[in-house]
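# Geometric and topological summary
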2 protein chains.
Amino acid sequence: MDIEARPPQTTQQYVLDQLRRAILTGQLAPGSAIRQDALADQLGVSRVPIREALKILEGEGQVIYRPRRGYMVAELALEDFLEVYRIRQILEDEAVRRAVERITDEDIQRLQDAHADVVAAGQAGEITAMAAANRRFHFTLIDAAGMPRLRRFLSILWDASDVYRSLYYSEESNRERVDREHKGIIDAVRARDTDDLIRRLSEHRAGTVATFREFMAKQES
Amino acid sequence: MDIEARPPQTTQQYVLDQLRRAILTGQLAPGSAIRQDALADQLGVSRVPIREALKILEGEGQVIYRPRRGYMVAELALEDFLEVYRIRQILEDEAVRRAVERITDEDIQRLQDAHADVVAAGQAGEITAMAAANRRFHFTLIDAAGMPRLRRFLSILWDASDVYRSLYYSEESNRERVDREHKGIIDAVRARDTDDLIRRLSEHRAGTVATFREFMAKQES
DNA sequence: ACAATCAATATTGGATCCAAAATAAAATCT
DNA sequence: AGATTTTATTTTGGATCCAATATTGATTGT
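The structure displayed is predicted, hence computed values, not measured ones.

What follows is about the pattern of salt bridges. As enumerated under the stated definition, the model contains 46 salt bridges over all chains in all. A salt bridge links Glu94(B) to Arg86(A); the nearest nitrogen and oxygen atoms lie 2.8 Å apart. Here Glu94(B) is found in helix H4 (residues 78–102), whereas its partner Arg86(A) is found in helix H4 (residues 78–102) on a different chain. By relative accessible area, Arg86(A) is classed as partly exposed at 28%.

Right, let's talk about the packing of helix H7 (residues 148–169) of chain A against H4(B) for a bit. Helix packing for two helices is described by the angle between their axes and how far apart those axes are. Relative orientation of the contacting elements H7(A) and H4(B) amounts to 45°, with a least axis distance of 8 Å. Comparing their axes, H4(B) and H7(A) come out oblique. Counting all contacts with H7(A), which are made through Pro148(A), Arg149(A), Leu150(A) and Phe153(A), the residues of H4(B) involved are Asp80(B), Glu83(B), Val84(B) and Ile87(B). In the contact of H7(A) with H4(B), the residues fall into five nonpolar, no polar and three charged.

Once that is clear, we can look at the protein's contact with DNA strand D. Around DNA strand D sit 18 residues in total, of which Arg47(A), Tyr65(A), Arg68(A), Thr11(B) and Ser46(B) are the nearest. Near-protein atoms of DNA strand D (within 4 Å) split between backbone and bases, with sugar and phosphate holding 72%. Within the side chain of Tyr65(A), an N or O atom sits 2.4 Å from a phosphate oxygen of DNA strand D. One of the backbone nitrogen or oxygen atoms of Arg68(A) is found 2.9 Å away from a phosphate oxygen of DNA strand D. Going through the elements one at a time, helix H3 (47–60) of chain A together with helix H1 (11–25) and helix H3 (47–60) of chain B are the ones with two or more residues in the surface near DNA strand D. Residues belonging to the surface near DNA strand D are distributed by class as follows: six nonpolar, six polar and six charged.

A few words now on the side chain of Glu181(A). All names here are of chain A. Mapping Glu181 onto the fold places it in helix H8 (residues 172–190). Relative accessible area serves as the criterion here: at 13%, Glu181 is assigned to the buried category. Once residues within four sequence positions are removed from consideration, Glu181 is found in contact with Glu203 and His204.

Before going further, it helps to examine the side chain of Glu60(B). Residue and element names in this part refer to chain B. Position of Glu60 among the secondary structure elements: in helix H3. On the accessibility criterion, Glu60 (10% relative accessible area) is buried. Only 2.8 Å separates the side chain of Glu60 from the side chain of Arg20, close enough to count as a polar contact. Setting aside anything within four residues of it in sequence, one finds Glu60 in contact with Arg20, Arg152, Ile156 and Asp159.

Since the α-helix advances by 3.6 residues per turn, residues separated by three or four positions end up pointing in the same direction. Residue and element names in this part refer to chain A. The first and last C-alpha atoms of H8 sit 28 Å apart over 19 residues, in line with the 27 Å expected at 1.5 Å per residue. Summarising the contacts, the buried residues of H8 are in contact with helix H5 (105–124), helix H6 (127–144), H7 and helix H9 (194–220). At the exit of H8 stands Arg192, carrying a positive phi of roughly 55°.

Residue and element names in this part refer to chain A. Using the criterion set out here, one finds 19 aromatic pairs over all chains in the structure. Site record: aromatic cluster; members linked through ring pairs are Phe81, Tyr85, Tyr164, Phe212 and Phe215. Over the ring of Tyr85 we find Arg88, and its NZ or CZ is 4.6 Å from the ring centre.

Our next topic: empty space enclosed by the protein. Across all of its chains, the model carries five cavities of 30 Å³ or more by this definition. Roughly 100 Å³ of volume is contained in the largest cavity. Lining the largest cavity are 14 residues; nearest its centre among them are Arg88(A), His138(A), Arg165(A), His204(A) and Thr208(A). Secondary-structure elements contributing two or more residues to the lining of the largest cavity are H4, H6, H7 and H9 of chain A. Residue composition of the lining of the largest cavity, grouped by class: six nonpolar, four polar and four charged. By volume, the second largest cavity is sized at about 80 Å³. Every element with two or more residues in the lining of the second largest cavity is listed here: H4, helix H6 (127–143), helix H7 (148–169) and helix H9 (194–220) of chain B. The dominant element in the lining of the second largest cavity, judged by the number of residues it contributes, is H7(B), at four residues. Partitioned by chemical class, the residues of the lining of the second largest cavity number five nonpolar, four polar and three charged.

Rules of the game
- Residues numbered from 1 in each chain as written.
- Chains lettered and ligands numbered in written order.
- Predicted model: local features only at pLDDT ≥ 70, side-chain atom pairs only at ≥ 80, totals over all residues.
- Heavy atoms only, no water.
- Salt bridge = Lys/Arg side-chain N within 4 Å of Asp/Glu carboxyl O.
- Helix = DSSP H or I, 4+ residues; strand = E, 2+ residues; numbered from the N terminus.
- Buried < 20%, exposed > 50% of the residue type's maximum accessible area, 1.4 Å probe, protein only.
- Axes fitted to C-alpha atoms, helices over the stretch in contact; angles between N-to-C directions.
- Parallel < 35°, antiparallel > 145°, perpendicular 65-115°, else oblique.
- Contact = heavy atoms within 4.5 Å.
- Nonpolar A, V, L, I, M, F, W, Y, C, P; charged D, E, K, R; others polar.
- Near = heavy atom within 4 Å.
- Polar contact = N/O pair within 3.5 Å; in protein donor to acceptor, adjacent residues only side chain to side chain.
- Expected span 1.5 Å × (residues − 1).
- Phe/Tyr/Trp six-rings, centres within 6.5 Å; stacked < 30°, edge-to-face > 60°.
- Lys NZ or Arg CZ within 6 Å of the ring centre and 35° of its normal.
- 1 Å grid on protein atoms, 1.4 Å probe; cavity = no way out; pocket = protein on both sides within 12 Å on 5 of 7 lines; lining within 4 Å.
- Points joined across faces, edges and corners; volume = space filled by probe spheres on them.

What follows is the structure in structure tokens.
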């Protein structure tokens, strides 16, 4: 399923991919320090490409950097999570408004394909694959807006909350809900019904937020 | 006037500051390649901190990176400029909505101080200082929203268009207009009149966009 | 004169090394 | 024993070096 067969062009790109994966899977836990030397040994590279990859992640807010103290994986408090979702709301509303005007039949086909992958991965219980397909689904819509900066910001926001979104998919009932809501979203796109689409997407996001709220409440106890 | 008397903590920070300045002043022109070796000589440092600083700027979209080809200063076509301002519009609307609810009297005092600096710099004809004070003015408002990610995105968007905003200030009539509009903005904040504030800010931005449009039209001929 | 090929040069990417700072551990003092 | 200072260790920041790739310039052939 993974298309990325060819190796990355540079070592820093390779390191960046690995770091993303480690953060996503929780191998590098939120709040933990990132030891450059250990990581270099583990990946079989020197510290130089690691430092460059970390600078990229710093820019995305995935890691926190303190001069002469090094990097640590960013944590996401409830407050932060809500901010991420609030900004997503605002930016995605704008994105789909533009997208509806510009979207092609091929795009809609891609939307359907991505959703098929979501369902397939969901039934197979492959949470990671499902998260990836889900992201493809939503970014097909976002890409159709043709706004590269907006796309990049949204990408950063999705990255920030990716870890916790997997939580949502781990529940069977939520997976069914995603299936249902995605179908509704596709219908709204086909009908070019912007208001309906925005409403459905808002509803769609609300589920994840609720799950995160519960999760954080349980964490405290 | 420059408060930043103490030197940066690390060399990469110093290089980052210098690169920002060079891009802002046009010393590094949009579209031009950035030669790491030459820059290292010029700043009296090695290439390592330069590479790290460039990675930060890459993340902000200020420079474009192509593997094994190096970095070049990003260009801003009219289309890009309009996207930047559209996203600014959306995010700043949200920011001020929150800000109005949370803003304190000290914040409003800071707003006034910043505006006084804008006017003073404007009368002295110091465009760079005026741009800096103007930024302080607007980010006082944005900061009051208490949304760090939104603040960061807006910071990136301001950076992207900073070069061209100076263009706007270079005209005397525009400087007067800024003075007038800022006063109106402060009044709206004091009155906690969100709708009026949003309207005024929108109007305020429109001037810069118009100037950029004219500039680009002239460029072509 | 122009295009294509080959050689020379410039530039980036990564590894290794050392100094400076931060952290952890040991020793000293009250 | 507990707090404080001193010493040892770990870790980051920066410089230098070399290999791999890209770019430029020269050479050859048509």
